[in-house]
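Breakdown of the fold
Here is how the chains run, residue by residue.
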Amino acid sequence: MEYRLDLMRICALKTQAQCRSWSLLAILVALFFTRANGAELCNGPLSQVQLSRAQAVRVIAKEKGYTEGLVFSDGFLLESLGIYGQSSLRQIDPNTGMSKTLRTLDGKFFGEGVAEVNQRLFQLTYKENVVFTYGKKAEGDETRTLKGEGWGLTQLQGQLVMSNGSNKLRFLDAKTLAVKREIEVRYKGRSYKMLNELESAHGMILANIYGEDWVAIINPETGCLEGSIDLSGLRTGSTQDAAD
C-alpha cells in the first residue's frame, strides 16, 4: 500500500536549532512511504516500510522566528513561535509568504506545538502548564491548565495527540483536555525518547526525534514504530543554504 503525503511541514519536523536560523517557513514535500498490510511490526524488519522518496516541491520564504508548530487552516499556515518574550501565533499566506501576527503571548510563555480540532486552535506552552485555545481566527482566546511540558501537538480522529520530549504520546479529549490514554513508542525492545513535533496522516502519527533528521511513523494503537522517513536528503541546495 502506498500513501502520498502532499503537504508536510518540514521546518517544524527539523531540529529546533535549525528552524531558529532558517529563512524559510516550510518545504512542501511529496513523501511516499509504504506500510505492510495489518502487520505487527514491532519486531519486523524496518526496511519493509521505509521511505521510498522525499522531494521538496516548493520553498516558502518567511520572516525569521523560532518555529515550534505549524498547521494548515483554510488555506493559510498558522505558525506557533517560541522563545520567551518572542512567542506568538502567526498566519502566513503560503503563496506570498506574507504574514500577520494573530496573537502575541505574554513574555512568561514559551509557545510550542499548535493543532486544530473542531474549529478550535490549540497552542501549547513549554513549561508553563498552560494551553491557549482560540477560534479559527484566533478570536475568543481561553487559557486552560494542562500539566506537564508541551512539545508537539497534532490531532487524530478528533483527539489531540501531544508529545513532551519523552518516549510517550498522550491522547487528550479536545473538550476537557483529559488524558484518555498513552502509548509508548518502541521498536524491537527499544523505546524512542525525545519525541518532538507531531503530524498525522492516513491514520498514522508522524514524529521527529529531537536533534535528528528523521521522522518516525507510529501506529497510534500500539505505539509500534512502523517505519521511518529519512529527511537528510532534503538538506541540499536551497534548503541547505537556508539552514546555513
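Our focus in this paragraph is the sheet that holds strand β11 (residues 142-145). In space, the 4 strands of this open sheet follow the order β8-β9-β10-β11, with antiparallel pairing throughout. Looking at the sheet topology across the chains shown, the edges are occupied by β8 (111-117) and β11. Strand-to-strand twist across the sheet, computed as the mean angle between neighbouring axes with direction ignored, equals 25°.

As a further point, take the pattern of salt bridges. As enumerated under the stated definition, the model contains 2 salt bridges in all. The salt bridge partner of Arg 90 is Glu 79, with a shortest N-O separation of 3.1 Å. With Arg 90 in strand β6 (residues 88-92) and Glu 79 in strand β5 (residues 76-81), the pair connects residues that are 11 residues apart, well separated along the chain. Comparing Arg 90 with Glu 79, the two get one shared label, buried. Close ionic contact of Glu 221 with Arg 181 constitutes a salt bridge, the shortest N to O distance being 3.7 Å. Of this pair, Glu 221 sits in the loop between β20 (214-218) and β21 (225-230) while Arg 181 sits in strand β15 (residues 179-184), and the two are 40 residues apart along the sequence.

As a further point, take the confidence of the model for the protein. Overall, the prediction assigns the protein a mean pLDDT of 78, with 74% of residues at 70 or greater. Here residues 1-30 scores under 50 on pLDDT; set against residues more than four positions off or in separate chains, the count is 120 contacts. Predicted confidence is poor over residues 238-244, with pLDDT under 50, and the contacts of this stretch with residues over four places away or in other chains come to 12 contacts.

Further remarks concern the sheet that holds strand β14 (residues 168-172). Spatially, β12-β13-β14-β15 is the arrangement adopted by the 4 strands of the open sheet, whose pairing is antiparallel. Across the chains shown, the open sheet's two edge strands, defined by having one partner strand only, are β12 (153-156) and β15. When strand polarity is set aside, the average angle formed by the axes of neighbouring strands in this sheet is 25°. Relative to strand β13 (residues 159-163), β12 runs antiparallel, the two being bridged by 4 bridges. Residue pairing across strands places Gln 155 opposite Leu 160, the latter belonging to β13.

A full pass over the atoms with the stated rule returns 7 aromatic pairs. Ring geometry for Tyr 66 and Phe 110: centres 6.0 Å apart, planes at 70°, overall edge-to-face. Note that Tyr 66 is positioned in the loop between β3 (51-61) and β4 (67-73) and Phe 110 in the loop between β7 (99-104) and β8, a separation of 44 residues in sequence. The exposure class assigned to Phe 110 is buried, which follows from its relative accessible area of 9%.

A separate point is the pairing of β20. Among the 5 residues in β20, 5 count as buried, and that is most of the element. By the alternation rule, side chains of β20 split into Trp 214, Ala 216 and Ile 218 and Val 215 and Ile 217, which are all buried. In this structure, strand β19 (residues 204-209) lies alongside β20, joined through 4 bridges in antiparallel fashion. Across the sheet, residue Ile 205 finds its bridge partner in β20, namely Ile 218. Counted between consecutive antiparallel strands, the loop separating β19 from β20 contains 4 residues, among which Gly 211 sits at a positive phi close to 90°. Looking at chain direction, β20 and β21 are connected through 5 bridges and run antiparallel. If you follow Ile 218 over to β21, its bridge partner there is Leu 225. The antiparallel hairpin formed by β20 and β21 contains 6 residues in its connecting segment, where Gly 223 sits at a positive phi of about 80°.

Conventions adopted
- Residues numbered from 1 in each chain as written.
- Predicted model: local features only at pLDDT ≥ 70, side-chain atom pairs only at ≥ 80, totals over all residues.
- Heavy atoms only, no water.
- Pairing = 2+ DSSP bridges.
- Helix = DSSP H or I, 4+ residues; strand = E, 2+ residues; numbered from the N terminus.
- Axes fitted to C-alpha atoms, helices over the stretch in contact; angles between N-to-C directions.
- Salt bridge = Lys/Arg side-chain N within 4 Å of Asp/Glu carboxyl O.
- Buried < 20%, exposed > 50% of the residue type's maximum accessible area, 1.4 Å probe, protein only.
- pLDDT = per-residue confidence, 0-100.
- Contact = heavy atoms within 4.5 Å.
- Phe/Tyr/Trp six-rings, centres within 6.5 Å; stacked < 30°, edge-to-face > 60°.

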